Amino acid sequence: MFARIVTYTQAYPSPHRIEEALRRTRERLPGIRELDGIEGAYFFTDSQSGKAIFISLWESVAAMHRSDEVMGPLRAELSGVFAANWVDVEHYEVGETLVQEIRERELVEQELEVARSIQQTSLPKTTPTLEGWQIATYYRPAREVGGDFYDFFELEDSRVGVVVGDATGKGVPAALVASATSSVLRAVAQVLGSSSPGAVLAQVNETLIARIPANTFVTCFYAILDPSSGHLIYPNAGHDLPYVRRNCDAEELRARGMPLGLMSGMAYEEKEIVLEEGESVLFYSDGLVEAHDPRGDMFGFPRLRALIAQQGEERQLGDSLLEDLSSFTGEDWEQEDDITLLTLRRSRTEI
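About the criteria used
- Residues numbered from 1 in each chain as written.
- Predicted model: local features only at pLDDT ≥ 70, side-chain atom pairs only at ≥ 80, totals over all residues.
- Heavy atoms only, no water.
- Helix = DSSP H or I, 4+ residues; strand = E, 2+ residues; numbered from the N terminus.
- Buried < 20%, exposed > 50% of the residue type's maximum accessible area, 1.4 Å probe, protein only.
- Contact = heavy atoms within 4.5 Å.
- Phe/Tyr/Trp six-rings, centres within 6.5 Å; stacked < 30°, edge-to-face > 60°.
- Core = buried A, V, L, I, M, F, W, Y, C linked by side-chain atoms within 4.5 Å.
- pLDDT = per-residue confidence, 0-100.
- Expected span 1.5 Å × (residues − 1).

## Quick notes on the environment of Ser-158
Next up, step 1: Here Ser-158 is to be found in the loop between strand 6 (147-154) and strand 7 (160-167).
Next up, step 2: Measuring from C-alpha to C-alpha, the distance between Ser-158 and Phe-299 comes to 37 Å, with 141 residues separating the pair along the chain.

This is the structure in structure tokens:
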């Protein structure tokens, strides 16, 4: 068997360019794998080194050369998308051992793609439209997909359930646990209603203990909003504390509770607040506060709290925080964990 190995190298690694090249290649692979004489086609990237490698396996040298009419333009297209400074093309006769290693690496890449698909399908397609409220969401998965999730669901008396959570681990296992948690929570919440969100988390906890792998757990913040009054009641299962922006300050929403899936018989403390006109609440995952700048410094909770307090009412809180995060990490930041932001803002009544 023969291999053509094309290596694209960037002088200055750009994760955004690498992701775009990966997306473009995925679109082309099904057609490439139909070419006469091809045995396999694989595309791998390394964000840290700024390299991408496209490997095509052929039954013969003649078949490999016959493909030049298709592969040549693709090579040029990927070079442009990737913004490669160097493109090296090499040809080898390869043994079965190397072929097997290449295919095993491809299976890892496919698992990551499955994890992304599970996450995307479990997220809500739209956000609720509530009179007098602005709701915004942002979700960006990392290269190694984690277990972030969020959801909204309708409850009795026009109340709305809001949940943000994070399952431990990476890849397909974390995505499956996150999807299962979201589904169980939705089902339990609609059965038990809006009277006791703490009881909802307690029941979800018991269900997950019997269903998810040992040493796996889920952090989760669940809130029930009454849009007419601004009343928000919430328990917390070990998740990062949301912040309320009010009076030019950022206040934490605290409530005691263990992560879901760790121990049976847990109770979840309920707290409540009223969001007044012009006030906002931010729910988020740890991918935001654990992001690092080029020197290795962490974005952190103190920075997040200060930025929320400084935020004016004329801009969306989530948009402003994403700009601050981008300035902090720099253009070539390699995202380490999923990032989820969800904001609720009660609009001011126009006079």
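## Some points on helix 8 (residues 301-310)
Next up, step 1: Where helix 8 is concerned, the buried positions are Leu-304, Leu-307, Ile-308 and Ala-309.
Next up, step 2: On the buried face of helix 8, the contacting elements are strand 11 (243-246), strand 12 (249-252), strand 14 (280-284), helix 7 (286-289) and helix 9 (317-329).

## Points about the packing of aromatic side chains
Next up, step 1: Under the defined criterion, the tally for this structure stands at 7 aromatic pairs.
Next up, step 2: When the centroid spacing of 6.2 Å and the interplanar angle of 75° are considered together, the rings of Tyr-150 and Phe-152 count as edge-to-face. As far as burial versus exposure is concerned, Tyr-150 and Phe-152 are alike and both buried.
Next up, step 3: Both rings, one in Phe-299 and one in Phe-328, keep their centres 5.3 Å apart while their planes meet at 85°; by these two values the pair is edge-to-face. Of this pair, Phe-299 sits in the loop between helix 7 and helix 8 while Phe-328 sits in helix 9, and the two are 29 residues apart along the sequence.

## Quick look at the nonpolar core
Next up, step 1: Core analysis: the biggest nonpolar cluster contains 25 residues, and Leu-185, Leu-201, Val-204, Tyr-222 and Leu-260 have the highest contact counts within it.
Next up, step 2: Among the elements of the structure, strand 6, strand 7, helix 5 (171-192), helix 6 (197-209) and strand 8 (218-226) are those that each provide at least two residues to this core.
Next up, step 3: Of all the elements, helix 5 adds the most residues to this core, at 6 residues.
Next up, step 4: Apart from residues no more than four positions distant in its own chain, Leu-260 is found in contact with Thr-181, Leu-201, Val-204, Asn-205, Leu-208, Phe-217, Val-218, Cys-220, Ala-237 and Tyr-268.
Next up, step 5: Among the nonpolar cores identified, the runner-up in size contains 24 residues, and Phe-152, Leu-232, Tyr-234 and Leu-344 belong to it.

## Section: unusual backbone geometry
Next up, step 1: Of note in this structure, Asn-247 is not a glycine but carries a positive phi near 55°.
Next up, step 2: Checked against the element boundaries, Asn-247 lands in the loop between strand 11 and strand 12.
Next up, step 3: On the basis of relative accessible area, Asn-247 is assigned to the exposed category, the value being 71%.
Next up, step 4: In this model, Cys-248 sits at a positive phi of 60°, which is unusual for a non-glycine residue.
Next up, step 5: Among the structural elements, Cys-248 can be located in the loop between strand 11 and strand 12.
Next up, step 6: The class of Cys-248 is exposed, set by a relative accessible area of 60%.

## Observations regarding the confidence of the model for the protein chain
Next up, step 1: Overall, the prediction assigns the protein chain a mean pLDDT of 86, with 92% of residues at 70 or greater.
Next up, step 2: At the low end of the mean pLDDT range in the protein chain sits helix 4 (residues 96-122), at 70; at the high end sits strand 10 (residues 236-237), at 98.

## Topic: helix 5
Next up, step 1: With 22 residues, helix 5 extends 32 Å from end C-alpha to end C-alpha; this agrees with the ideal 32 Å at 1.5 Å per step.
Next up, step 2: All buried positions along helix 5 are accounted for by Gly-171, Val-172, Ala-174, Ala-175, Val-177, Ala-178, Thr-181, Ser-182, Val-184, Leu-185, Val-188 and Ala-189.
Next up, step 3: Within two residues after helix 5, Gly-193 carries a phi angle of roughly 80°, on the positive side.

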